[in-house]
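Structural features, examined
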Amino acid sequence: MTSSPSLVTTERDGAIAMLALDNPPVNAMSHALRSALKGALDAALADPAISAVILIGAGRTFIAGADITEFGKPRAEPLTPTLIATIEAATKPVIAAIQGVAFGGGLELAMGCHYRIASADARLGQPEVKLGLLPGAGGTQRLPRLIGVQAALEMIAGGDPIGAKEALERGLVDEIASGDLRPVALAMAQRLVRDKAPLARVRDMPTPTADAATFGAFRDGLARRRRGVTAPLRCVEAVEAAATLPFDAGLARERDFFIELVNSDQAKAQRYFFFAEREAGKIPDLGADVNALPIKSAAVIGAGTMGGGIAMCFANAGIPVTIIDTGAEALERGLATVRRNYESSASRGGLAAADVDKRMALISGKLALEDARGADIVIEAVFEELGLKQEVFRALDRIARPDAILATNTSYQDVNAIAAATAHPSRVLGMHFFSPANVMRLVEVVRGAATAKPVLATAMALSRSLRKVPVAVGVCYGFVGNRMLSQRARAVERLLLEGALPQQIDAAMVAFGFPMGPFAASDLAGLDVGWRARKGRGATSPVADALCEAGRFGQKTGAGYYHYEAGSRAPLADPEVERIIVGLSRRMGVARRAIEAPEIVDRLLLPMVNEGARILEEGIALRPGDIDVIWVYGYGWPVHRGGPMFHADLIGLATVAERLAGQSRRLADATLAPAPLLARLAAEGRGFSEHT
Ligand code: T1G
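Within the protein chain, the secondary structure is distributed over 28 helices and 17 strands. Taking 26 Å as the expected radius of gyration for a compact globule of 692 residues, we find that the protein chain reaches 28 Å, a close match to that expectation. Summarising its shape, the C-alpha atoms of the protein chain cover approximately 90 × 60 × 55 Å along the three principal directions. Here the protein chain, with 692 residues, has 54% of them falling under the buried criterion. Restricting the contact set of the protein chain to residue pairs at least 6 apart, pairs at least 24 apart contribute 72%. Summing over all exposed atoms, the protein chain offers an accessible surface of approximately 28,400 Å²; the carbon and sulfur share of this is 56%.

And the structure:
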């Protein structure tokens, strides 16, 4: 068996062999690393002069799991289960010394060892479910034996890691090393040898116990939280096998589930998304020599819903922020809303009570734009009107420090026109947060024609430090997300007039995987916001306008597309809405017909994909994956469906083009005809993922 010596080095300390794994950046368990480890393990275990073996990461981390780039390709031995079998057959102790992360196959390998020691800041987890998978190297059988069924279910079906302290408390690790891990791991090995400690094989531990109700309750929870997603359910079934079958039978069950999932569309989508999310942060012409500027203070202009949410992001990151609103009442209301938000997350246990005041202490309120003069960055979040925004920027350009960054949170407006209102357009860009800004992870970072590279780099880095996912986009009306959303908005109105009802359309979108349908979402946001904006630009939306004229603004008025009982947010189908829509169809001469879910999904999503193709062609988005990251983190597109562009590739662009052409003909709407890029890729038999 050939092994590439550099990936695993064996360091000897007396009778202890330390095998250091070195496959940067995260020790992904590629075939090469597995082979190198197998070779080193065999040698160490066969060497009579060696009494114990330690596995450790040479760099910042232990093992981040299987090499995700190898999935979908032929699998080559030695596989992780083979490495674990080698360790379990050993006659001398093998210890996993964990720093950084032990994720997926990395944690499974560690649970295949006889003992585990972790550094105090280590994280341990089985995130496979986030890739549409389940642990495939025995994790579903060994973890419940070590930490119990309920805790194992949470870690495996949830996918979130735990820290070293919790791992010790739960029995997942035997010891925590404060300070440098190596010497403590060495001492542990020497102690185990000296004490002739037993070779504790997890597979030999007693079958974990749990009653059927435990699994039932967990499944019910998943049915609510992860509707239509397969992997979490398989995770539960595999852990259930651990509690009901002998170890090897449980392993075989896990294997069957793994093989079922690894080639599933959901797993392909989530694998694609893993890499798309990491690519989205990279801007080709921003070289490593372009440094981000330090942001130690901020100012937010406008104390409304968005301004308050953005200020919370800064306070949550420990950055002092000044909220500025020229209206004293508005400012007071805005600050009170921020405090209320913190208090409600504290009451839900999402924040320590003491942190409410700590965060509020980082937020100050002021009434004059001049109070933004000292800030490293100023983010404008005033009413969505171009003239008003230009006025604010003209003033800020005079007030703010020359090296301060000026960002606008506009959702639609022309960032270049806003920048042109200043004498320094190079320091202006868009940072489009999503409501509620303290919760939603997406930031569309809008690069203006004059935006300087360090300013762009700073906005990207700042977004990450605010625990957001930044995606760089160009300037156009509605940028990427809202521009595509407007295509869906046009489509929903047509479907209503042609025969579908709000509850039917929402049901189709929820079944597709969205957390909420477009109509329930509109009722939540309030129909009057869009109505005012449409009136402002002379646009119409027959059904939405008719509902607003009837005073139906959504949840806030107890009626919108749905009816809401007093004190309830449950959307109830309303015959009055049907009467309004049917009347409109008649007056507009639109014949009504039965419309089924597959057509609804196609009519809503394919025009968005088509707009996505135009956006790519215009260079407003750098990659199709960026568009998908925007839709998953900004608009609730289900991650197990990858995103609109991935969805189109899965259907096949030739089919997408054909269906769009059909819609275009039937609805006599040329804008639905396949966009040039889509038509070209379809003709070449290629997908968006091949478009560079
Ligand atoms: N395989 C391949 N590449 C990986 C990788 C992996 N497992 N993990 C990270 N990378 C790449 C990543 O694409 C990026 O590349 C670079 O490493 C740095 O990553 C049998 C089936 C470990 C917490 O799901 O969660 O084990 O962009 O930017 O923010 O049961 O990476 O530089 O070219 O994310 O410091 C389970 C996935 C696999 C963990 C580090 N494991 N990784 O975060 O860096 S399935 C996971 C992470 C499995 C077994 C099963 C994070 C991290 P590039 P990064 P980071």
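Okay, the sheet that holds strand β14 (residues 405-408) next. Read across the sheet, eight strands follow the order β12-β11-β10-β13-β14-β15-β16-β17 without closing on themselves; strand pairing throughout is mixed. Every interior strand has two partners, whereas the edge strands, β12 (363-366) and β17 (469-473), have only one. On average, each strand axis in the sheet is inclined to that of its neighbour by 25°, with strand direction left out of account. As defined by bridge partners, strand β15 (residues 428-433) adjoins strand β16 (residues 442-446) across four bridges and the pair is classed as antiparallel. Bridged to Phe433 within β16 is Val443.

Moving on, we come to the sheet that holds strand β7 (residues 123-125). Sheet architecture is open: three strands sit in the order β5-β7-β8, paired in mixed fashion. Of all the strands in the sheet, the pair left with one neighbour each is β5 (101-103) and β8 (162-163). Sheet analysis places β5 next to β7, joined by three bridges and oriented parallel. Residue Val101 lies in a different strand from β7, and its bridge partner there is Arg123. Set on the sheet, helix α3 (residues 105-112) makes contact with β5 and β7; between it and β5 the angle comes to about 90°.

With that out of the way, let us pick up the site of the ligand. Around the ligand sit 26 residues, and of these Ala64, Ala66, Glu108, Arg278 and Lys282 come closest. The contact in question runs from a nitrogen atom of the ligand to an N or O atom on the backbone of Ile68, over 2.9 Å. In isolation the ligand exposes 1,000 Å². Once the protein is present, 74% of that is buried. Of all the secondary-structure elements, those providing two or more residues to the shell around the ligand are α3 and α11 (265-280). With three residues, the top contributor of residues to the shell around the ligand is α11. In terms of residue class, the shell around the ligand is built from 15 nonpolar, four polar and seven charged.

Attention now goes to the packing of aromatic side chains. Summed over all chains, the structure comprises twelve aromatic pairs. Ring plane angle 90° and centroid distance 5.0 Å describe the contact between Phe274 and Phe275, whose orientation is recorded as edge-to-face. For Phe275, a relative accessible area of 35% gives the class partly exposed. Ring geometry for Phe514 versus Trp637: centroids 5.4 Å apart, planes at 75°, classification edge-to-face. Highlighted residues: Phe514 in the loop between α19 (502-512) and α20 (518-525) and Trp637 in the loop between α25 (624-635) and α26 (644-651), separated in sequence by 123 residues. Take Phe514: its relative accessible area is 2%, and that puts it in the buried class. For Trp637, a relative accessible area of 1% puts it in the buried group.

On to the pairing of β17, then. The element β17 is largely enclosed, with a buried count of five among its five residues. Burial along β17 is two-sided: Val469, Val471 and Val473 facing one way and Pro470 and Ala472 facing the other are all buried. Sheet topology places β16 next to β17; five bridges connect them, and they run parallel. Residue pairing in the sheet places Val446 in a bridge with Val473 of β17.

Looking now at unusual backbone geometry. Residue Pro24 is joined to Pro25 through a cis peptide bond whose omega torsion reads 10°. Cis geometry marks the peptide bond from Glu77 to Pro78; its omega dihedral reads 0°. Inspection of the secondary structure puts Pro78 in the loop between β3 (52-57) and α2 (80-88). Although it is not a glycine, Asn27 sits at a positive phi angle of roughly 50°. Looking at where Asn27 falls in the secondary structure, it is placed in the loop between β2 (16-21) and α1 (31-46). In this structure Asn27 comes out as buried when scored by relative accessible area, which is 4%. The phi torsion at Arg467 lies on the positive side, around 60°, for a residue other than glycine. Counting through the fold element by element, Arg467 comes out in the loop between α17 (453-465) and β17.

If you look at the biggest cluster of nonpolar residues, it comprises 77 residues, and the most contacted ones within it are Val480, Ile505, Tyr561, Leu604, Leu605, Ile627 and Phe688. A per-element tally of this core places helix α24 (residues 597-617) first, with ten residues. In this structure, Leu605 is in contact with Met509, Phe512, Phe514, Trp637 and His647, ignoring residues within four places of it in sequence.

Turning our eyes to something else, we now look at helix α23 (residues 575-587). With 13 residues, α23 should reach 18 Å at 1.5 Å per residue; the first-to-last C-alpha distance of 18 Å fits that figure. Within α23 the residues assigned to the buried category are Val577, Ile580, Ile581, Gly583, Leu584 and Ser585. In this fold, the buried residues of α23 make contact with α18 (481-498), α19 and α22 (542-549). Structurally, the start of α23 carries an N-cap: the backbone nitrogen of Glu576 is 2.8 Å from a side-chain oxygen of Asp574. One or two steps after α23, the chain reaches Gly589, where phi turns positive at roughly 70°.

Position of Thr80 among the secondary structure elements: in helix α2. Judged by relative accessible area, Thr80 falls into the buried class, the value being 11%. Setting aside residues up to four positions removed in sequence, Thr80 forms contacts with Met29, Arg34, Gly105 and Ala137.

Scoring rules and cut-offs
- Residues numbered from 1 in each chain as written.
- Predicted model: local features only at pLDDT ≥ 70, side-chain atom pairs only at ≥ 80, totals over all residues.
- Heavy atoms only, no water.
- Helix = DSSP H or I, 4+ residues; strand = E, 2+ residues; numbered from the N terminus.
- Rg over C-alpha atoms; globule rule 2.2 N^0.38 Å.
- Buried < 20%, exposed > 50% of the residue type's maximum accessible area, 1.4 Å probe, protein only.
- Contact = heavy atoms within 4.5 Å.
- Areas by Shrake-Rupley, 256 points an atom, 1.4 Å probe, with all protein chains shown as cover.
- Pairing = 2+ DSSP bridges.
- Axes fitted to C-alpha atoms, helices over the stretch in contact; angles between N-to-C directions.
- Near = heavy atom within 4 Å.
- Polar contact = N/O pair within 3.5 Å; in protein donor to acceptor, adjacent residues only side chain to side chain.
- Nonpolar A, V, L, I, M, F, W, Y, C, P; charged D, E, K, R; others polar.
- Phe/Tyr/Trp six-rings, centres within 6.5 Å; stacked < 30°, edge-to-face > 60°.
- Core = buried A, V, L, I, M, F, W, Y, C linked by side-chain atoms within 4.5 Å.
- Expected span 1.5 Å × (residues − 1).

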